[in-house]
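# Fold and contact review
Take a look at the letters that make up each chain.
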Amino acid sequence: MSRVPWAPIALVAALLVPAAGSRFYTFLANDVVIWALFATSLNLLVGYSGLVSFGHAAYFGIGAYATGLLMKKAALPFLLAFPAAGVLAGAFALIFGFFCVRLTRIYFAMLTLAFAQIVWAICFKWNELTGGEQGMPDIPYPDLAVMGRLPLVGALRVSDHYYLLSVLLVGLCLWLLRRIVRSPFGRLLTTIRENPERAEFIGVNVRRYELAAFVLAGAFAGLAGGLFGIFNRGVFPDFAYWTKSSEVLIMTLLGGMGTFYGPTVGALALILLNQQITSYTEYWPFVLGSILVALLFGFPGGLAGAAVALWARTLGRLRSA
Amino acid sequence: MFLFLIASGLSLIFGVLRVLNFAHGTFYMLGAYGAYQLVQWLGVGPGRFWLAALGAAAAVAALGGLVERVLFRHLYGKEELYQLLFTYALVLVLSDSAKMVWGTQQKSVSRPPELTGSFSVFGATIPSYNLLILLLGPAIALAFWFVLQRTRVGRFIRAAALDRETLGALGVNVSALYTWVFVLASFLGGLGGALISPMRATTPGMDTEVIVEAFVVVVIGGLGSFWGTFLGALIYGQVLSFGILLFPRFSIFAVFALMAAVLIVRPWGLLGRPLR
């Protein structure tokens, strides 16, 4: 489409946010960055593989608890606790996904929902480990003293340091996800989405590919969860509740399924919108629901889809003129 | 037993329209709020509560029909994801509207005056209202079953669940039928909410809780299967109560595990039929 290197520009812009000096903007930006990763991981399933997961919050929650527990109770450094979130969430996704990919369409969605509710129920009730209903407050920040010694960023707040760390990690994850989507493996996922019978026919083990996508998506959701637990300074059972799963689905849809940066745009748009609207009215869900209805009827491709369509139309008009 | 009322509405919609209706829990909540409101207006008196309950259920049914007619029908041809998300959008909008109208304070409805006493059955004391609900559940179930099995509309509904194209080709107005299915299902949901309102406090948030319970029930029993839903409600109740007895903390877990197990072994539920 264009040669503008949007991704690096966005990365640099994101890294410059703390320079504005506002604790609030950094907070918002951090929220956006983490949700962007969560939504993009879901997009790998819903957008690229055509698997509608209604329980993606489970892996987000598992990742958050994994990192939180390891850092708080076992006092492990972030460097170990963070990858552990991805590994553990991926492992659970492997177990759950093994059963889920055997089912099709609506049953797939329901089974993912059932597993997510199991995860939620365990988090909600296992007081000794997870703190039960009360959740687990006071997750420590990772030790980022290193950043304090760097030039430029040394003078910033701890929360700013954490934000920079999240941006870099999310950037890395998104880059990996992009590589995955662009790889032959990713192309095959899209083939499966478009025509599973045909994929089977040309010798692709459809279930195994779907399972692999499920595990990858779960692992990246877990990483997002790990980052979010620290950012939120606490981990709570509703991280894994089904309404969270639908929230992230809305983000993915708002941004545009199947376009790689769509979910990132969706996360950005939804969080900023939430911020704006909650300062006027407390009835945010009402607005969100209305947006969603408008989206479903008006822009099924989401914001990114609409933008791409508009771009194509203008280009076409320019050419014909 | 009241859970059966709600779940049967959910199951009905899935059976015919192949849609998981998240908004069904919200219809249930609106039924409870509607009953509260009507009791406020009508005052307490003999028979007034029943009038209020029926009125609330009818109002919810009308709302359900309206939503189907104006919005939902445009999504039939699209992917399931859009339908799921649309019903979720309904949850957000409707439950927030309920919050605007009735606030966040919990509301309670007093029991109908003719049923404030209690009975003792096998040495256990049961408030007579609860006993009545216990009996009313199967009664409504039977009436519902009768409608499905014996009436013309019921026959059409069952036919639509099996093969909607053929039914349409035979000259039945399938689109109007869908609206009626939505009306009927919403009526069941609203009635469930209205009848439960004297037993439980009516609060915002009761919708997202109950929908998950209702899901478990219909998934275990079989989506779209009437007796399956009945069986599912029984199993759900038993697992939950015995679960509380045996390992109090993990009874919720046991219920979801059961749901997952059923989905793995028989995705269409214990008494359901597999989809084509």
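Since we're looking at a predicted model, the values are computed, not measured. (Residues numbered from 1 in each chain as written. Chains lettered and ligands numbered in written order. Predicted model: local features only at pLDDT ≥ 70, side-chain atom pairs only at ≥ 80, totals over all residues.)

### Remarks on the overall build of chain B
Each helix and strand in chain B was counted, giving eleven helices and two strands. When its helices and strands are written in sequence order, chain B yields α-α-α-α-β-β-α-α-α-α-α-α-α. (Helix = DSSP H or I, 4+ residues; strand = E, 2+ residues; numbered from the N terminus.)

### A closer look at the overall build of chain A
Looking only at helices and strands, chain A has 15 helices and two strands in total. Scored against the burial criterion, the 321 residues of chain A give a buried share of 50%. Sequence-distant contacts in chain A: of pairs separated by 6 or more residues, those separated by 24 or more amount to 76%. (Buried ≥ 20, exposed ≤ 12 C-beta atoms within 10 Å, placed from the backbone. Contact = placed C-beta atoms within 7 Å.)

### A few points about the interface of chain A and chain B
At the junction of the two partners, chain A supplies 34 residues and chain B supplies 33 residues. When residues of the side of chain A that touches chain B are traced back to their parent elements, those giving at least two are α5 (105–125), α12 (242–255) and α14 (284–298) of chain A. Of the residues in the side of chain A that touches chain B, the class split is 27 nonpolar, five polar and two charged. (Nonpolar A, V, L, I, M, F, W, Y, C, P; charged D, E, K, R; others polar.)

### Some remarks on the packing of helix α8 (residues 158–182) of chain A against helix α11 (residues 206–232) of chain A
Residues and elements named next belong to chain A. Look at α8 against α11: their axes get within 11 Å of each other, and the N-to-C directions meet at 175°. Taken together, the axis directions place α8 and α11 in an arrangement best described as roughly antiparallel. For the pair α8 and α11, contact is made by Tyr162, Ser166, Leu169, Cys173, Leu177 and Ile180 and by Leu216, Phe220, Leu223, Leu227, Ile230 and Phe231, respectively. Here the residues of the contact of α8 with α11 are counted per class, giving eleven nonpolar, one polar and no charged. (Axes fitted to C-alpha atoms, helices over the stretch in contact; angles between N-to-C directions. Parallel < 35°, antiparallel > 145°, perpendicular 65-115°, else oblique.)

### Observations regarding α14(A)
Spacing of three or four residues puts side chains on the same side of an α-helix, whose turn is 3.6 residues. Residues and elements named next belong to chain A. Under the 1.5 Å per step criterion, the end-to-end length of α14 is 20 Å for 15 residues, consistent within 8% with the ideal 21 Å. For α14, the complete set of buried residues consists of Leu288, Gly289, Leu292, Leu295 and Leu296. With its buried residues spanning 125° around the axis, α14 presents them on a single face. Exposed and facing more than 90 degrees away from the buried side of α14 are Ala294 and Gly298. (Expected span 1.5 Å × (residues − 1). Arc of directions from axis to C-beta.)

### What to know about the environment of Ile62(A)
All names here are of chain A. If you trace the backbone, Ile62 turns up in helix α3 (residues 57–72). By C-beta crowding, Ile62 is classed as buried, having 29 other C-beta atoms within 10 Å. A C-alpha to C-alpha distance of 23 Å links Ile62 and Ile180, two positions 118 residues apart in sequence. In this structure Ile62 touches Leu88, Ala89, Phe92, Val119, Gly222 and Gly225, once residues within four positions along its chain are discounted.

### Things to note about the nonpolar core
Ranked by size, the top nonpolar core spans 196 residues in total, and within it Leu85(B), Val181(B) and Met259(B) carry the most contacts. When residues of this core are assigned to their parent elements, the largest contribution, 17 residues, is made by α5(A). Val181(B) has contacts with Leu12(B), Ile13(B), Val16(B), Leu17(B) and Ile157(B), leaving out every residue within four places of it along the chain. (Core = buried A, V, L, I, M, F, W, Y, C linked by C-beta atoms within 7 Å.)

### Considerations on helix α8 (residues 174–196) of chain B
In a regular helix each residue adds 1.5 Å, so 23 residues correspond to 33 Å; α8(B) covers 33 Å between its end C-alpha atoms and thus fits that length. In terms of residue burial, α8(B) counts as a mostly covered element, since 18 of its 23 residues are buried.

### A word on the confidence of the model for chain B
Interpreting fine coordinate detail is not advised for predicted regions of low pLDDT. Per-residue confidence for chain B averages 76 on the pLDDT scale, and 84% of its residues sit at or above 70. Among the scores for the predicted complex, ipTM is 0.73 and pTM is 0.77. (pLDDT = per-residue confidence, 0-100.)

### Regarding the packing of α12(A) against helix α13 (residues 262–278) of chain A
Residues and elements named next belong to chain A. Contact geometry of α12 with α13 gives a least axis separation of 7 Å together with a crossing angle of 110°. Taken as axis vectors, α12 and α13 run roughly perpendicular relative to one another. In the crossing of α12 with α13, the sense of the turn from one axis to the other is right-handed. Residues Ile250, Met251, Thr252, Leu254 and Gly255 of α12 form the contact with α13, whose participating residues are Gly262, Pro263, Thr264, Val265, Gly266, Ala267, Ala269 and Leu270. Residue classes in the contact of α12 with α13 are distributed as eight nonpolar, five polar and no charged. (Left-handed = near helix turned anticlockwise from the far one by under 90°.)

### Focus: the environment of Arg200(B)
All names here are of chain B. With respect to the helices, strands and loops of the structure, Arg200 is situated in the loop between α8 and α9 (206–221). Judged by C-beta crowding, with 15 C-beta atoms within 10 Å, Arg200 ranks as partly exposed. Considering only alpha carbons, one finds Arg200 and Ala214, 14 residues apart in sequence, at a separation of 17 Å.

### Examining the confidence of the model for chain A
Within chain A, residue pLDDT values average 78, and 88% of them lie at 70 or more. By mean pLDDT, the top-scoring element of chain A is α11(A) (85), and the lowest-scoring one is helix α7 (residues 145–149) of chain A (65).

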